[in-house]
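Chain residues, written in single-letter form:
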Amino acid sequence: MGMRALFAAAALLIGIAGAAQAATLDDVKARGSLNCGVNPNLQGFGARDAEGNYAGFDADFCRAVATAVLGGPAKVTFVPLSLKERFDALKSGKVDVLARNTTWTMDRETAMPLRFAGVSYYDGQGFIVKKLLGVTSALQLSGAAICFQTGATTEANVEDFFREKNMTFVPVRFETLDDLVKAFDEGKCDTFTTDVSGLYAVRLRLKNPDEAMVLQDVISKEPLGPAVRQGDEQWLNIVRWTLYALITAEELGITSVNVDEQKATSNNAAVRRLLGVNGPGGASMGLDADWAARTIKAVGNYGEIFDRNLGPSTPLAINRGINALWNAGGLLYAPPM
């Protein structure tokens, strides 16, 4: 076979492989529902409410993607996943998107292999202790028994931090969050460590939440965000730009309440582009021009989603902090559309 023919054959094989992998959008449309992997036990992010419906920051992101692709927030099948199950469920095709407070790391994106669509929540690992322990800083935890949930990056982070500070600890490991919370509540470990957002949720599950406190120390960077499988750039673009549309909408002052008015009357070029009045809309991703406008109307902008599930008026009472927009002192920054 000549070189030209060899290259042609290789290109054909690559094209066939790409076509075979780039089928998520078609699968979701054919199914009529988005399969979205979530945490079933983390209040504020993905837990079930009193009626048995999934509620939370990550659950609402699932609804946003479903609205962009399928036209409505109800077209989601929530798939509850443990730490141990989450990556296999995504790799095997059991879920189309993993929206489950998962940290973006190099190893996960190069060895799994996954693709993270962006950072939806900037977090960091911290510690929760009982106030009676008399500890006000992580630097006072040398020799402590520390509860860990298996399958997370938390134990490795603690090992690095404690080694650097010449401190020691005793690991106490549990498969499920329920078992871990029970153990901490019963005093079987001195502290529990995970992302600070998770600590606020865990605190509410204790028998006496007021007896526990989240320490101010943050020992790691935990950029949390939705993940998809490698090999499907179209689907990655859809999930990524759905996230960026929510962030951009907040920056432009577009809300679930005023989106129709903004679409009809705004002369702002960025607003008109986002809402599909001008520009190519979603054609380059296989979506219609109205995808962002209906998504914002259905679930709100990033700020609305945050405030509804995590903000000061919720039981978690988390301030925006570094999850504020870039022009309000935070880290949230969406590329221009």
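Structure report, in brief.

Each value, and the rule that gives it
- Residues numbered from 1 in each chain as written.
- Predicted model: local features only at pLDDT ≥ 70, side-chain atom pairs only at ≥ 80, totals over all residues.
- Heavy atoms only, no water.
- Helix = DSSP H or I, 4+ residues; strand = E, 2+ residues; numbered from the N terminus.
- Rg over C-alpha atoms; globule rule 2.2 N^0.38 Å.
- Buried < 20%, exposed > 50% of the residue type's maximum accessible area, 1.4 Å probe, protein only.
- Contact = heavy atoms within 4.5 Å.
- Lys, Arg positive; Asp, Glu negative; His and termini not counted.
- Charge placed at Lys NZ, Arg CZ, Asp CG, Glu CD.
- Salt bridge = Lys/Arg side-chain N within 4 Å of Asp/Glu carboxyl O.
- Polar contact = N/O pair within 3.5 Å; in protein donor to acceptor, adjacent residues only side chain to side chain.
- Pairing = 2+ DSSP bridges.
- Axes fitted to C-alpha atoms, helices over the stretch in contact; angles between N-to-C directions.
- 1 Å grid on protein atoms, 1.4 Å probe; cavity = no way out; pocket = protein on both sides within 12 Å on 5 of 7 lines; lining within 4 Å.
- Points joined across faces, edges and corners; volume = space filled by probe spheres on them.
- Nonpolar A, V, L, I, M, F, W, Y, C, P; charged D, E, K, R; others polar.
- Expected span 1.5 Å × (residues − 1).
- Phe/Tyr/Trp six-rings, centres within 6.5 Å; stacked < 30°, edge-to-face > 60°.
- Core = buried A, V, L, I, M, F, W, Y, C linked by side-chain atoms within 4.5 Å.

1. A look at the overall build of the protein chain
Link 1 in the chain: Counting its secondary structure elements, the protein chain contains 13 helices and twelve strands.
Link 2 in the chain: The C-alpha radius of gyration of the protein chain comes to 22 Å, within 12% of the 20 Å expected for a compact globule of 337 residues.
Link 3 in the chain: Taking the principal axes of the C-alpha coordinates as reference, the protein chain spans close to 65 × 60 × 35 Å.
Link 4 in the chain: The burial tally for the protein chain puts 50% of its 337 residues in the buried class.
Link 5 in the chain: Of the contacts made within the protein chain by residues no fewer than 6 positions apart, 70% connect residues no fewer than 24 positions apart.
Link 6 in the chain: Counting 33 positive and 37 negative side-chain charges, the protein chain places the centres of these two groups 3 Å from one another.

2. A short note on the pattern of salt bridges
Link 1 in the chain: Following the criterion strictly, the structure yields 14 salt bridges and no others.
Link 2 in the chain: The partner of Asp 178 in a salt bridge is Arg 205, with the nearest N and O atoms 2.2 Å apart. Here Asp 178, found in helix α7 (residues 177-185), pairs with Arg 205, found in the loop between α8 (196-203) and β10 (212-214); they are 27 residues apart in sequence, far enough to count as distant.
Link 3 in the chain: On the basis of relative accessible area, Asp 178 is assigned to the partly exposed category, the value being 40%.
Link 4 in the chain: Between Arg 320 and Glu 250 there is a salt bridge; the shortest N-O distance is 3.0 Å. With a gap of 70 residues between them, Arg 320 in the segment after α13 (302-309) and Glu 250 in helix α9 (residues 233-252) connect regions that are remote in the sequence.
Link 5 in the chain: Taken together, the shared-partner salt bridges connect Asp 60, Arg 63 and Arg 308 into one network.

3. Some remarks on the side chain of Gln 125
Link 1 in the chain: Mapped onto the elements, Gln 125 comes out in strand β6 (residues 125-130).
Link 2 in the chain: Engagement of the side chain of Gln 125 in a polar contact is seen with the side chain of Asn 157, the distance being 2.8 Å.

4. Regarding the sheet that holds β10
Paired through their backbone hydrogen bonds, the strands of a sheet run either parallel or antiparallel.
Link 1 in the chain: Spatial strand order, β8-β7-β9-β6-β10: five strands in an open sheet with mixed pairing. Of all the strands in the sheet, the pair left with one neighbour each is β8 (169-174) and β10. Strand after strand, the sheet turns through a mean of 30° between neighbouring axes, direction not considered.
Link 2 in the chain: Sheet analysis places β6 next to β10, joined by three bridges and oriented antiparallel. Across the sheet, the residue bridging to Lys 130 is Ala 212, located in β10.
Link 3 in the chain: In the packing of helix α6 (residues 154-164) onto the sheet, contacts are made with β6, β7 (144-149), β8 and β9 (191-195), and the angle to β7 comes to roughly 150°.
Link 4 in the chain: Its contacts with the sheet place α8 against β6, β9 and β10, and it is angled at close to 130° to β9.

5. Topic: empty space enclosed by the protein
Link 1 in the chain: Under the defined criterion, the tally for this structure stands at two cavities of 30 Å³ or more.
Link 2 in the chain: Lining the largest cavity, in full, are Phe 45, Phe 57, Asp 58, Phe 61, Ala 99, Arg 100, Asn 101, Ser 120, Tyr 121, Leu 224, Gly 225 and Pro 226.
Link 3 in the chain: Examining the composition of the lining of the largest cavity, we find that three residues originate from one element, helix α3 (residues 57-70), more than from any other.
Link 4 in the chain: In terms of residue class, the lining of the largest cavity is made up of seven nonpolar, three polar and two charged.
Link 5 in the chain: One number sums up the size of the second largest cavity: a volume of about 50 Å³.
Link 6 in the chain: The wall of the second largest cavity is formed by Phe 57, Phe 61, Ser 120, Leu 243, Leu 246, Tyr 302 and Ile 305.
Link 7 in the chain: Put simply, the parts of the chain that give the lining of the second largest cavity at least two residues each are α3, α9 and α13.
Link 8 in the chain: Classifying every residue of the lining of the second largest cavity gives six nonpolar, one polar and no charged.

6. Here's the deal with α3
Link 1 in the chain: Between its terminal C-alpha atoms α3 stretches 20 Å, which fits the 20 Å expected from 14 residues at 1.5 Å a residue.
Link 2 in the chain: Taking burial as the measure, the 14 residues of α3 include 14 buried ones, the bulk of the element.
Link 3 in the chain: One or two residues past the end of α3 sits Gly 71, with phi positive at roughly 100°.

7. Re the packing of aromatic side chains
Link 1 in the chain: Using the criterion set out here, one finds 13 aromatic pairs in the structure.
Link 2 in the chain: Taking 5.9 Å as the distance between ring centres and 65° as the angle between the ring planes, the aromatic pair formed by Phe 45 and Phe 57 counts as edge-to-face. Placement of Phe 45 in the loop between β1 (34-38) and α3 and of Phe 57 in helix α3 is noted, with a sequence separation of twelve residues between them. Here Phe 45 matches Phe 57 in class, with each residue buried.
Link 3 in the chain: Here the aromatic rings of Trp 104 and Phe 116 are separated by 5.8 Å at their centres, their planes lie at 10°, and the arrangement is stacked.

8. Some words on the nonpolar core
Taken as a class, soluble globular proteins show a tendency for nonpolar side chains to be buried jointly.
Link 1 in the chain: Formed by 58 residues in total, the largest nonpolar core has its most connected members in Val 69, Tyr 121 and Trp 235.
Link 2 in the chain: Every element with two or more residues in this core is listed here: α2 (24-31), β1, α3, β2 (76-80), α9, α11 (269-274), α12 (291-299) and α13.
Link 3 in the chain: Not counting residues within four places of it along the chain, the set of residues in contact with Tyr 121 comprises Phe 45, Phe 57, Ser 197, Glu 222, Pro 223, Leu 224, Tyr 302, Phe 306, Leu 310, Ile 318 and Asn 323.
Link 4 in the chain: Membership of the second largest hydrophobic core comes to 17 residues, among which are Ala 183, Cys 189, Phe 192 and Val 202.

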